[in-house]
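Chain and residue survey
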Amino acid sequence: MVNQVSEFINASFVAVCVTFALVFIALPVPNNNKLKKYRISLRFLAGAYFAMAVLKILVMAFNLEMVDFISNERLTISSLQATLFAITLITLLNPRFDIRKYLYKQISPIIVLNFLSLLISVKWGNPVIRNFNELGQSFFHPAILIRIVFAFFYLGQLVFLTYLFSRQARSFENEIDNFFTDSAHLYLPWVRYCYYGVLSVGITAFLSCFFTDEWWVLLFTGASTIFYLVFGLYYIQYPHTFAYIEPAIYPSVIVQEKSGKSTRLDWKVLKDQVLAEKYFLNVGVNIEDMAKHLKIGRTTLSIFINTEEGMNFNTWINSLRIAEAQKLLLEYPNHHLSAISEMLGYSEPSNFSRQFKLIANESPSVWRQNHL
């Protein structure tokens, strides 16, 4: 029974890895220079998927399952895998991210630790540890100490990568909020979920350094198979999403600027124009379109909104819309909320209700009842 399950899970793992390695290589990517790092990441992922498939085939063919506690081999594979997946996900959120810098920082310690382990193994040997009792007996052996240091480095690496990813994710969401109004669906939530998968697999890989039971190995392989499959399916769809988020990440340059007045007076004039024309009610309005309409630069408009209004573009537009919504709810007491939502420029009534409750602390229907 165990052998049949093992063969099925291992074969599934190999099939998923080989299939997506080929997909990553053959995937047609739009000829957009801003997707250059995405194309590079596809090659890295293809190599990583193929390498994992070959490694699993060797394990199956020669029965090379790693049973050694805190083995350098398992830690090295896990560390490189966590680094690769985390960096590739970060480049989706920030195509300008310095990949080389962080790869160098993450991979250099792995090389150093493996080199030290090799030197120590040549001089003092490298004992095989199969349980916690043997680990305790050989705890102060130089080779074991290096492996323990490696394990702590790997845990620290997972913490650092999580911090780095979270920081880039927050920055990405701020860029989206400062460009679009209906922005929630452009946050790329699947990127966060994939990173949670990376973190979960990474933690499981660390635990697998201490548990060599065959069922545990099968569970880890099965979870990795599902993660590799889901990650690949989402990753290849990114170019379609990039077409929508590109203006927020790579703003176009507008050289025409209004000038000749003080900053405060300029903003008052600009804001009065937006309010008088009710430009904020346009469906799908974004900061670049508004900047062009006002004949100023996008960066200038963003600075005005952030400094004068104390909020980003998304929050400011929604605050104007909700203020308008309160007038409409009283002016048209018999209008359905979906009709009010459409008048306000929201593409979805659910988003209108969510934004209204966020700003007014009440749902639109409750607010209307309390104020009629």
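Residues numbered from 1 in each chain as written. Predicted model: local features only at pLDDT ≥ 70, side-chain atom pairs only at ≥ 80, totals over all residues. Heavy atoms only, no water.

Quick word on the packing of helix 11 (residues 287-294) against helix 12 (residues 298-309)
Relative to each other, helix 11 and helix 12 sit at 105°, their axes nearing to 9 Å. Overall, the two elements helix 11 and helix 12 adopt an arrangement that is roughly perpendicular. Residues Ile287, Glu288, Met290, Ala291 and Leu294 of helix 11 lie in contact with helix 12, whose contacting residues are Arg298, Leu301 and Ser302. (Axes fitted to C-alpha atoms, helices over the stretch in contact; angles between N-to-C directions. Helix = DSSP H or I, 4+ residues; strand = E, 2+ residues; numbered from the N terminus. Parallel < 35°, antiparallel > 145°, perpendicular 65-115°, else oblique. Contact = heavy atoms within 4.5 Å.)

A few points about unusual backbone geometry
A negative phi angle is the norm for most residues apart from glycine, just as the trans form is the norm for most peptide bonds. The phi dihedral of lysine 278 is positive, around 50°, even though this residue is not glycine. As for its placement among the helices and strands, lysine 278 is situated in the loop between helix 10 (263-277) and helix 11. Phi is positive for asparagine 361, close to 65°, though the residue is something other than glycine. If you trace the backbone, asparagine 361 turns up in the loop between helix 15 (349-360) and helix 16 (364-371).

Some remarks on a nonpolar patch on the surface
Together, Ile226, Leu229, Val230, Leu233 and Tyr234 give the surface a local cluster of nonpolar side chains, amounting to about 420 Å² of exposed area. Here leucine 229 shows up in helix 8 (residues 214-235). (Patch = residues over 30% accessible without salt bridge, like charges linked within 9 Å, V, L, I, M, F, W, Y side chains within 5 Å. Areas by Shrake-Rupley, 256 points an atom, 1.4 Å probe, with all protein chains shown as cover. Salt bridge = Lys/Arg side-chain N within 4 Å of Asp/Glu carboxyl O.)

Looking at the side chain of asparagine 286
Structurally, the position occupied by asparagine 286 is in the loop between helix 10 and helix 11. Accessibility expressed as a relative area gives 10% for asparagine 286, which makes it buried. (Buried < 20%, exposed > 50% of the residue type's maximum accessible area, 1.4 Å probe, protein only.)

With respect to the packing of helix 3 (residues 72-93) against helix 8
Relative orientation of the contacting elements helix 3 and helix 8 amounts to 25°, with a least axis distance of 13 Å. Taken together, helix 3 and helix 8 sit at an angle that is classed as roughly parallel. Seen along the crossing, helix 3 lies across helix 8 with a hand that is left-handed. Residues Gln81, Phe85, Thr88, Leu89, Thr91 and Leu92 of helix 3 lie in contact with helix 8, whose contacting residues are Phe227, Tyr228, Phe231 and Tyr235. Class assignment of the residues belonging to the contact of helix 3 with helix 8 gives a composition of seven nonpolar, three polar and no charged. (Left-handed = near helix turned anticlockwise from the far one by under 90°. Nonpolar A, V, L, I, M, F, W, Y, C, P; charged D, E, K, R; others polar.)

Some thoughts on the pattern of salt bridges
What the rule picks out here adds up to seven salt bridges. One salt bridge connects arginine 96 with glutamate 175, and the closest N-O pair in it is separated by 3.1 Å. One end of the pair, arginine 96, is in the loop between helix 3 and helix 4 (99-124); the other, glutamate 175, is in helix 6 (residues 142-177), with 79 residues separating them in the sequence. Under the relative-accessibility criterion, arginine 96 is labelled partly exposed at 42%. The class of glutamate 175 is partly exposed, set by a relative accessible area of 22%. Notably, a salt bridge pairs lysine 278 with glutamate 324, separated by 3.0 Å at the nearest N-O pair. Taken as a pair, lysine 278 in the loop between helix 10 and helix 11 and glutamate 324 in helix 13 (residues 313-331) lie far apart in primary sequence, 46 residues in all.

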